[in-house]
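Summary of structural features
Here's the letter readout for the chains.
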Amino acid sequence: MEVKKQIILNIRRDDVRVAVRENEDLTQFYIERGDLVSSVGNIIKGRVESVRKELEAVFVDIGEDGAGFLPMKDLYSYIYDKKNISKGSEIVVQVKKEAYGTKGARLTTFIAIPGRSLVLIPFKKTIGISKTIIDPQEKKRLREMAKEICPKNMGLIIRTVASGKDKRFLKRELSELMREWIKIKKKIKIEPIPSILREEEELPIKITRDLLDDSVAELIVDSEQAYKKIKDYLSIRKSPLISRIKLYKEPIPVFTHYGIEHEMRKIFKRKVWLKSGGYIVIDRTEALTVFDVNTGKYKGKMDSENMIYKTNSEAAEEIARQLRLRDIGGIIVIDFIDMKEEKRQKNLLVKFKSYLRGDKARFKMAFKLSPLGLLELTRERVRRSVSKRFVEPCPYCQGKGHVLSPPYLFSKFTTFLEAKADSLSNSGVRILANPRVAHYFETEGRDSLMHFSHIYQIHIEVVSKEDQPIESVEVITLKKGEVIIEEL
């Protein structure tokens, strides 16, 4: 069955939200809040804080709260002599992974400058081809072209979008990337330490660059300004995909229209139901995620072994989706329902691997199920997962559970305002919130509330209420003597 893929961008005052759907199922979700802009991809001029030989790592001041972590294996010996790296040394690094928990950002000196079709690797002589380009002849053709145009002592990675392109097209993009590299080299000489030498593109352009390819039927954006930026970006590069960019103009918020607000709530649930009545339970710790597959309320007529295989197959597909959707990284253990037949075990692994092909993260996976039906794998984690952005340890249960965070509740409230803007005009809105949540609304959210109050002509009042549950807010609307109470 052909997969219909959509990318939907919701541009708001305080954040950008991106949803990717395949056949109307939400498969990926990104968000960039004003206070949580991702640093992944930034190229930074930093200074070595310490060299830890026992950890085989270097810690680098990159201007963030904690020092960045640079493994010795990511220290390029062609540029940096490991023996001469010491405290105070100047160093140019790129952020590979965001800071996570108590861990600082993961760094590398193997700088990569991405374009739509190519990635320029200034410090490493290498030629790479995207794993999603499967045709052997096309891979060979692209590799030969890359060798011909690759600058001396540098490397190139050919991206999926390059498939079918000619040498002239690739050379034009390479010239653009080389100009970018020349700018960075000039900044290395004059900028203070620490300094960002190159900042990653804003999220709408980054998503367009990295995700928009022939497999995407349409990219829908609800901001005229972002729509124009994306169109200009693709127009300059003469992309034939420019016709797939659509401006959403309906009065209903775009995420509500496509059912994404409803789907997002499921991201935080521990139990995920399968089509046949089985379910998956997801348990997460700092270093490990466990998926437990259960037959649940399955009521099919097939025999037990067939039923188990069907449930496991559905679970494999759903787990592959959840890994992308929640951006789960680290060590992952899947506890499939036990199957006796070795042939079915092998078939299940083949299916699971096929479901993982759409995932851009790197995997390492066991070759077979353990005797107990367990499958072990690791998945690369790049950014903070959605759940880490929108839930936090519960203060009532000493971190054993999680509650929705104040930023997420504020996001829900602004969505509520956008959806009901017309009916709320010239009315009063009172927000009853737990003191912790109310504090966030009145401090971090103050400017946005003033903005909404002005453009929608609404009087907004935040009331701190001790007995209000910490993961919900109550909204009271007062208009012409009518009182409407809603729970968000």
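Data block above holds the structure.
Below, the structure is looked at part by part. Keep in mind that this is a model prediction, so the values were computed, not measured.

**Concerning the overall build of the protein**
A count of helical and extended segments in the protein gives 13 helices and 27 strands. Within the protein, the proportion of its 488 residues that are buried is 50%. A sequence separation of at least 24 residues applies to 65% of the contacts in the protein between residues at least 6 apart. Carbon and sulfur atoms provide 51% of the accessible area of the protein, an area that totals close to 25,500 Å².

**A few points about the environment of histidine 257**
When you line up the elements, histidine 257 lands in helix H5 (residues 254-257). In this view, histidine 257 contacts Tyr248 and Ile252; residues no more than four positions away in its chain are not counted.

**Observations concerning the pairing of strand S1 (residues 5-11)**
The buried fraction of S1 amounts to six of the seven residues, a majority that puts the element mostly inside the structure. Two elements, S1 and strand S14 (residues 216-221), share five bridges in a ladder whose sense is parallel. The residue of S14 that forms the bridge with isoleucine 7 is leucine 219. Bridge count for S1 against strand S2 (residues 15-22) is seven bridges, and the pairing is antiparallel. Within S2, the residue paired with glutamine 6 across the bridge is arginine 21.

**Regarding the sheet that holds strand S12 (residues 155-158)**
What the four strands build is an open sheet, ordered S9-S10-S12-S11; its pairing is mixed. In the strand order of this sheet, the two ends are held by strand S9 (113-114) and strand S11 (127-129), each with one partner. Alignment of strand S10 (residues 118-121) against S12, held across four bridges, turns out to be antiparallel. Paired with isoleucine 121 across the bridge in S12 is glycine 155. Contacting S9, S10 and S12, helix H2 (residues 167-190) runs over the sheet at an angle of about 40 degrees to S10.

**Description of the nonpolar core**
The biggest cluster of nonpolar side chains holds 39 residues, and the ones touching the most others in it are Phe255, Phe413, Leu417, Ile431 and Phe441. Among the elements that make up this core, the one with the highest residue count is helix H10 (residues 406-419) (six residues). With residues near it in sequence (within four places) discarded, isoleucine 431 still touches Phe413, Phe441, Ile460, Glu461, Val462, Val463, Val473 and Glu474. Ranked by size, the runner-up nonpolar core spans 28 residues in total, among them Ala316, Leu323, Met339 and Phe352.

**Things to note about helix H12 (residues 435-442)**
Within H12 the residues assigned to the buried category are Val437, Ala438, Tyr440 and Phe441. Relative to the axis of H12, the buried residues are bounded by an arc of 160 degrees and lie together on one face. Against the buried residues of H12 lie H10, strand S24 (428-433), helix H13 (446-456) and strand S25 (459-464).

**Structural notes on the pattern of salt bridges**
Evaluation of the coordinates by the stated rule reveals 22 salt bridges. The closest approach of N and O atoms between glutamate 54 and arginine 52, which form a salt bridge, is 2.5 Å. Of the charged contacts, one joins arginine 198 and glutamate 180 as a salt bridge, the two residues approaching to 3.3 Å between their closest N and O atoms. One end of the pair, arginine 198, is in strand S13 (residues 195-198); the other, glutamate 180, is in helix H2, and 18 residues separate them in sequence. Accessibility expressed as a relative area gives 25% for glutamate 180, which makes it partly exposed. It is possible to trace a salt-bridge network through shared partners that takes in Arg159, Glu200, Lys206, Arg209 and Asp210.

**Section: the packing of aromatic side chains**
Ring pairs (aromatic) are described by centroid distance and by the angle formed between their planes. Going through the model one piece at a time under the given rule, you end up with eight aromatic pairs. Ring centres 5.4 Å apart and planes at 85 degrees place the aromatic pair phenylalanine 123 and tryptophan 181 in the edge-to-face group. Of this pair, phenylalanine 123 sits in the loop between S10 and S11 while tryptophan 181 sits in helix H2, and the two are 58 residues apart along the sequence. Both residues of the pair, phenylalanine 123 and tryptophan 181, count as buried. Ring geometry for phenylalanine 413 against phenylalanine 441: centres 5.9 Å apart, planes inclined by 45 degrees, an arrangement best described as tilted. A residue pair is termed long-range when its members are at least 10 positions apart, and phenylalanine 413 in helix H10 and phenylalanine 441 in helix H12 qualify at 28 residues. As far as burial versus exposure is concerned, phenylalanine 413 and phenylalanine 441 are alike and both buried. It is lysine 124 that lies over the ring of phenylalanine 110; its NZ or CZ is 5.1 Å from the centre. Sitting over the face of the ring of phenylalanine 169, lysine 165 holds its NZ or CZ atom 5.4 Å from the ring centroid.

**As for the sheet that holds strand S17 (residues 279-284)**
Spatial ordering of the open sheet is given by S16-S17-S18-S19-S21-S20, a layout of six strands whose pairing is mixed. What marks the edges here is a single partner per strand, and that holds for strand S16 (271-273) and strand S20 (363-365). Within this sheet the neighbouring strands show an average axis-to-axis angle of 20 degrees, counted without direction. Of the pairings in the sheet, the one linking S17 to strand S18 (residues 288-294) comprises six bridges and is antiparallel in character.

**Here's the deal with the packing of H10 against H13**
A pair of packed helices can be characterised by two numbers: the angle between their axes and the separation between those axes. It is at 12 Å that the axes of H10 and H13 come closest, and there the two elements cross at 5 degrees. With respect to H13, the element H10 is oriented roughly parallel. Along the contact surface, H10 presents Phe410, Phe413, Thr414, Leu417 and Glu418, while H13 presents Ser448, Leu449, Phe452 and Tyr456. Here the residues of the contact of H10 with H13 sort into six nonpolar, two polar and one charged.

Criteria and thresholds
Residues numbered from 1 in each chain as written. Predicted model: local features only at pLDDT ≥ 70, side-chain atom pairs only at ≥ 80, totals over all residues. Heavy atoms only, no water. Helix = DSSP H or I, 4+ residues; strand = E, 2+ residues; numbered from the N terminus. Buried < 20%, exposed > 50% of the residue type's maximum accessible area, 1.4 Å probe, protein only. Contact = heavy atoms within 4.5 Å. Areas by Shrake-Rupley, 256 points an atom, 1.4 Å probe, with all protein chains shown as cover. Pairing = 2+ DSSP bridges. Axes fitted to C-alpha atoms, helices over the stretch in contact; angles between N-to-C directions. Core = buried A, V, L, I, M, F, W, Y, C linked by side-chain atoms within 4.5 Å. Arc of directions from axis to C-beta. Salt bridge = Lys/Arg side-chain N within 4 Å of Asp/Glu carboxyl O. Phe/Tyr/Trp six-rings, centres within 6.5 Å; stacked < 30°, edge-to-face > 60°. Lys NZ or Arg CZ within 6 Å of the ring centre and 35° of its normal. Parallel < 35°, antiparallel > 145°, perpendicular 65-115°, else oblique. Nonpolar A, V, L, I, M, F, W, Y, C, P; charged D, E, K, R; others polar.

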